[in-house]
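For reference, the chains in residue letters:
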Amino acid sequence: MPGNKYNGTPVTPRTRLERLLLNRELRKFNRFFNPSDELDDGLKEAELFANDSVLNKDENCGPFNEETFSEGVDGSERLHKQRLLVVANRLPVSAVRKGEDSWQLEMSVGGLVSALLGVKEFDARWIGWAGVNVPDEIGQKALTTALAEKRCIPVFLDEDIVHQYYNGYCNNMLWPLFHYLGLPQEDRLATTRSFQSQFDAYKKANQMFADVVNKHYKEGDVVWCHDYHLMFLPKCLKEYNSKMKVGWFLHTPFPSSEIHRMLPSRSELLRSVLAADLVGFHTYDYARHFVSACTRILGLEGTPEGVEDQGKLTRVAAFPIGIDSERFIRALELPQVQDHIKELKERFAGRKVMLGVDRLDMIKGIPQKILAFEEFLEENPEWRDKVVLLQIAVPTRTDVPEYQKLTSQVHEIVGRINGRFGTLTAVPIHHLDRSLDFHALCALYAVTDVALVTSLRDGMNLVSYEFVACQASKKGVLILSEFAGAAQSLGAGAILVNPWNISEVASSIGYALNMPADEREKRHNHNFRHVTTHTSQEWAATFVRCSLELNDTIVEAQLRTRQVLPLLPVNDAVERYTQSSNRLLILGFNATLTEPVHTLGRRGSQIREMEPRLHPQLKEPLKKLCKDQMTTVVVLSGSDRTILDENFGEYNMWLAAENGMFLRRTTGKWMTTMPENLNMDWVDSVKHVFEYFTERTPRSHFELRETSLLWNYKYADVEFGRLQARDMLQHLWTGPISNAAVDVVQGRRSVEVRAVGVTKGAAIDRILGEIVHNQGMKAPIDYVLCVGHFLVKDEDIYTFFEPELPIETPPIVRCRLPEPVGLPVPKIPCGRSRSKTHLKKQRSLSTLEGNYLGSGGWRPMVDDRISVHEGSSVLDLKGENYFSCAVSRKRSNARYLLGTTDDVVTLLKQLADCLH
């Protein structure tokens, strides 16, 4: 599969997924076929399971081998099989009601059915809609009993749900959009109003599927969800049981993020799919589009293995589907197929046969194919009586006006060409508006010289696979649209074309008809090898095994989730607060106490985020907390002094701006903790770099503070922003800050340059000392609540108060300077424990500061420079009275997690309510 990182055999598999796919490749080339496992000749068109074969819908293509289908489900053998719940919109059965309590069932052997029939180690159960409305309880029970014998479990949907969910949201919105046809444009106002009702029905139907799955789920089962009909299902299942193994596979293309973002429900659908453990697509391109949509629309992090959202990894990979190639190869030996082949050869003797087999659908490119054939006949008159195009076009959705118009258009073009180039005895195009039975189709494939697949957009298109499987003797040429998923797999052996370029397709027809025999054989052998090794059975087995085996080892899980936090026990935190006598609340500001900025969507959030405002629901709780004599409130933020003054000037609290470099009680003046000789000469040059990149990066902005500069690209294009940030860092390290005592702090979507050693943790001891000195605090602080959405570099504030960390020599962090350097400038170490022995360790920090900073250390300055007071000496903190909480950061040094600012509001309201 050219361009597919999951195709081929890497020398050293880097990930568990690559190792599994490598094993699959090895199995393919060592597999053998057991005649006793042969499948039936029955193959019926199955809408859901990505089978593009065009067969007669009205024909029962042979008895379904229920013994094969049910093999191993009883007795001890069943106990050793992995149970697999296959969930799709439609069950692989056709149900006809024969009486009040009797049903006639006919199994359909579609692509997915035949795929799982060949995988003997799984005990599959099918869950889906039977395709009929059964409103009465008697009929539902009877149908459920009848389907149980086929190992199928029905989901009963009423007519209104089917109309809104299936005909509406699935077929009218998702299917066109995923095939790049856009959203419906006619009757725009009414259509827009129906979007929400259809989406509500879509979610309701998915929940109904989930209810049935949950009812039949057993521990250890793998649940395999299929296609765009069930994008909401993984989320529903995980909400019921987070440990359930869920895979989701899409049988259509997944569009570019620019197309997907048109969906009103774009974010909900993506997040729902991400609830699955493994997400599969036909090609790497589709997988790449999905990851890109998650990155650009949801702002999540894409990794080589998938999509990561704060510790939860959803694996994303390409699993190209195949066909049961052996079934087609064996069919060519059947007497009835040989008779068909003989008849066709006699009928078209002396003429080259070109073949097109498609559903009569907008995405199949039938008009483009026929127009290209017309241009070929115009430019090559010598071929007019030597070639014939057989076009099989199976009607679909005949009640839809767009499809009726397409049918008329195709008929008109065919009639015009036959009238122009035909004779009384022969016409260049034979067009059939119907399907063929399996044997006739195999014979047609076998006599074809050139197959034409001109899909404008196709998930895979298995017609090309079936053609190759039937060409062992003829070795015909495949002309394949580059917009079909099969182009990723068969592109090396096929002639790839852009179906919109009529002249290119016409030229390719001429090249294919005149291709030398040796080139035809080489091309065919390449594709035949792929088709016979990448079978539908291998596809199903690989996906399900990946779902099973991609469970993290204990070590891998610990490495990735070691800092995924539990939710804050709010009731416990409030109870401990009421039982304490001297409480300290340290609160961040941005994304902690600010009002929500996403209520208007991402487009309306940037200006509001650049001017942060206190959450309106926090004003009263904060006033009450600040008035309490036993509670000290500190707002510690990276924002500048002006912003904190504007938001908190009316409260009786402490404000620490720019990561603690400036401090004041709201009743007093600002003081600074900066060293007298702090060198800030680098600010102007860094400012010029930030201005340059702000101009180059739309929707980015930068903030100039007194001790730091911050460049934020949160609202810029994700990929472009990352490239610009990387380029900015190169500019900074090779120029303005190459010899400056600064730290460069990279946030998720930001770059900050600040004076070395400036962190919230480094400043907190001096802040505490000043608070204790100013307030004349005598009683020890016995309760600390520290809540914030802090950068990783600033999370040392969480560990500063941690009573349970072991005593260790405080590390000395040197600034990033090129060699040779002078004396190291330390990052002020944070405090650790609060027992008496630990207090001794904490006191040594001030001495350490003095030794390294010398005369330029943190010395007092008249009026605006604070004295060095040791705050840790008043801490008498037990582990159960310390609550550190990260806001919306599942990975953190904090103890607990608060999901959103609304959770912070709830917490502070409860604390305020408990005060008398």
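Calculation notes
Residues numbered from 1 in each chain as written. Predicted model: local features only at pLDDT ≥ 70, side-chain atom pairs only at ≥ 80, totals over all residues. Heavy atoms only, no water. Helix = DSSP H or I, 4+ residues; strand = E, 2+ residues; numbered from the N terminus. Buried < 20%, exposed > 50% of the residue type's maximum accessible area, 1.4 Å probe, protein only. Contact = heavy atoms within 4.5 Å. Areas by Shrake-Rupley, 256 points an atom, 1.4 Å probe, with all protein chains shown as cover. Pairing = 2+ DSSP bridges. Axes fitted to C-alpha atoms, helices over the stretch in contact; angles between N-to-C directions. Left-handed = near helix turned anticlockwise from the far one by under 90°. Nonpolar A, V, L, I, M, F, W, Y, C, P; charged D, E, K, R; others polar. Salt bridge = Lys/Arg side-chain N within 4 Å of Asp/Glu carboxyl O. Polar contact = N/O pair within 3.5 Å; in protein donor to acceptor, adjacent residues only side chain to side chain. Core = buried A, V, L, I, M, F, W, Y, C linked by side-chain atoms within 4.5 Å. Phe/Tyr/Trp six-rings, centres within 6.5 Å; stacked < 30°, edge-to-face > 60°. Parallel < 35°, antiparallel > 145°, perpendicular 65-115°, else oblique. pLDDT = per-residue confidence, 0-100.

Chemist: Honestly, the overall build of the protein chain in this entry has me stumped. Any pointers?
Modeler: Scanning the protein chain for helices and strands turns up 32 helices and 29 strands. In the protein chain, which comprises 916 residues, the share counted as buried stands at 57%. A fraction of 75% describes how many contacts in the protein chain between residues 6 or more apart in sequence connect residues 24 or more apart. When the accessible area of the protein chain is evaluated, it comes to approximately 38,700 Å², of which 50% is carbon and sulfur surface.

Chemist: How should I be thinking about the sheet that holds strand β17 (residues 495-497) in this particular structure?
Modeler: By definition, the strands of a sheet pair up through backbone hydrogen bonds, in either a parallel or an antiparallel sense. Spatially, β14-β13-β12-β15-β16-β17 is the arrangement adopted by the 6 strands of the open sheet, whose pairing is parallel. Whereas interior strands pair on both sides, the edge strands pair on one side only; in this sheet they are β14 (429-432) and β17. Sheet twist, expressed as the average angle between the axes of neighbouring strands with direction ignored, equals 20°. In this structure, strand β12 (residues 352-359) lies alongside strand β13 (residues 387-394), joined through 8 bridges in parallel fashion. Bridging across to β13, L355 finds its partner in L390. In the packing of helix α16 (residues 438-447) onto the sheet, contacts are made with β12 and β13, and the angle to β12 comes to roughly 140°. Running over the sheet, helix α19 (residues 502-513) touches β12, β13, β15 (450-453), β16 (477-481) and β17 and is turned about 170° from β17.

Chemist: Can you walk me through the packing of helix α23 (residues 570-579) against helix α32 (residues 901-913) in this structure?
Modeler: Two quantities define a packed helix pair, namely the angle between the helix axes and the distance between the axes. Their axes nearest at 10 Å, the elements α23 and α32 cross at an angle of 30°. When you trace α23 past α32, the crossing you get is right-handed. Contact residues: α23 offers V570, N571, A573, V574 and Y577, while α32 offers L907, Q910 and L911. Split into classes, the residues belonging to the contact of α23 with α32 amount to 6 nonpolar, 2 polar and no charged.

Chemist: Help me understand the sheet that holds strand β1 (residues 82-90), please; the structure alone is not making it clear to me.
Modeler: Pairing within the open sheet is mixed, and its 9 strands lie in the order β5-β4-β1-β6-β7-β8-β11-β10-β9. Strands with a single pairing partner mark the edges of an open sheet, and in this sheet they are β5 (152-154) and β9 (301-303). Across the sheet, the mean angle separating the axes of adjacent strands is 20° when strand polarity is ignored. One ladder, built from 3 bridges, connects strand β4 (residues 122-129) with β5; its direction is parallel. Its bridge partner lying in β5, I127 is registered against I153. Against the sheet, helix α11 (residues 284-298) contacts β8 (278-281), β9, β10 (306-309) and β11 (312-318), and its axis sits at roughly 150° relative to β11.

Chemist: What exactly am I supposed to notice about the pattern of salt bridges here?
Modeler: As a working rule, side chains carrying opposite charge can pair if their charged atoms are close by. Taken as a whole and assessed by the stated rule, the structure comprises 36 salt bridges. Here D645 ties to R664 by a salt bridge, and the two come within 2.8 Å at their closest N and O atoms. Of this pair, D645 sits in helix α26 (residues 641-648) while R664 sits in strand β21 (residues 662-665); the two residues are 19 residues apart in sequence, bridging distant segments of the chain. The class of R664 is buried, set by a relative accessible area of 10%. By sharing partners, the salt bridges in this structure join E703, R705, E752, R754, K760 and D794 into a single network.

Chemist: What is the right way to look at the environment of A205 in this model?
Modeler: Summarising the element assignment, A205 is placed in helix α7 (residues 188-216). When residues no more than four places from it in sequence are discounted, the contact partners of A205 are I161 and Y165.

Chemist: So what exactly am I meant to see when it comes to the environment of H251 here?
Modeler: For H251, the position within the fold is in the loop between β7 (245-249) and α9 (257-260). Here the side chain of H251 touches H226 through a polar contact of 2.9 Å, side chain to side chain.

Chemist: Where do I start with unusual backbone geometry in this structure?
Modeler: Among all residues except glycine, the phi angle is most often negative; among peptide bonds, the trans geometry is most common. Of note, D227 is a non-glycine position whose phi angle comes to about 75°, a positive value. Structurally, D227 is set in the loop between β6 (222-226) and α8 (233-240). For D227, a relative accessible area of 4% corresponds to the buried category. Positioned with a positive phi, R699 is a non-glycine residue whose angle comes to about 70°. If you trace the backbone, R699 turns up in the loop between α27 (683-696) and β23 (701-704).

Chemist: How should I be thinking about the pairing of β1 in this particular structure?
Modeler: Look at any regular strand and the pattern is simple: side chains alternate between the two faces of the sheet. Most of β1 sits inside the fold, with 8 of its 9 residues counted as buried. By the bridge criterion, 7 bridges tie β1 to β4 in an arrangement that is parallel. Of the residues in β4, the one forming a bridge with R90 is W129. Bridge count for β1 against β6 is 4 bridges, and the pairing is parallel. Of the residues in β6, the one forming a bridge with V86 is W224.

Chemist: Can you help me understand the side chain of R83 in this one?
Modeler: Tracing the backbone shows R83 in strand β1. At 2.9 Å, the side chain of R83 forms a polar contact with the backbone oxygen of H216. Here the side chain of R83 touches D221 through a polar contact of 2.8 Å, side chain to side chain. Among all residues touching R83, those that are not within four sequence positions of it are D123, R125, H216, K218, D221 and V222.

Chemist: Looking at this structure, I do not really get the nonpolar core. What am I missing?
Modeler: Note that soluble globular proteins tend to have their nonpolar side chains buried in a common cluster. Residues W126, W224, Y445, L478, L480 and W539 are the most contacted members of the largest nonpolar core, which totals 77 residues. With 9 residues, the top contributor of residues to this core is α16. Ignoring sequence-local partners within four residues, the contact set of L480 consists of V453, S464, A486, A487, L490, A494, I495, L496 and V497. Within the second largest apolar cluster, 73 residues are counted, among which are L618, A657, I764 and I781.

Chemist: Is there a simple way to explain the pairing of strand β2 (residues 93-99) in this structure?
Modeler: As paired strands, β2 and strand β3 (residues 102-107) are joined by 6 bridges and run antiparallel to one another. Bridge assignment links R97 to a residue of β3, and that residue is W103. Counting the residues in the hairpin turn of β2 and β3 gives 2 residues.

Chemist: Just to check I follow, could you spell out the packing of aromatic side chains for this structure?
Modeler: Counting across every chain of the model gives 30 aromatic pairs. Ring geometry for W129 versus Y166: centroids 6.4 Å apart, planes at 55°, classification tilted. Of this pair, W129 sits in strand β4 while Y166 sits in helix α6 (residues 159-178), and the two are 37 residues apart along the sequence. Taken individually, W129 and Y166 each receive the classification buried, so the pair is uniform in this respect.

Chemist: Would you take a moment to explain the packing of α27 against helix α28 (residues 718-734) for this structure?
Modeler: Put simply, α27 and α28 touch, their axes get as near as 11 Å, and they point 160° apart. Considering the angle they form, α27 stands roughly antiparallel to α28. α28 is crossed by α27, and the crossing has right-handed handedness. Contact residues: α27 offers V686, V689, F690, F693 and R696, while α28 offers F720, Q724, D727, M728, H731 and L732. Tallied by class, the residues present in the contact of α27 with α28 amount to 7 nonpolar, 2 polar and 2 charged.

Chemist: I would appreciate a short explanation of the confidence of the model for the protein chain in the present structure.
Modeler: Reading fine detail from the predicted coordinates is not recommended where pLDDT is low. Residue-level pLDDT values for the protein chain average 81, and 78% of them are 70 or greater. Scored below 50 in pLDDT, residues 29-78 shows 126 contacts in the model against residues more than four places distant or in partner chains. Scored below 50 in pLDDT, residues 599-604 shows 9 contacts in the model against residues more than four places distant or in partner chains.

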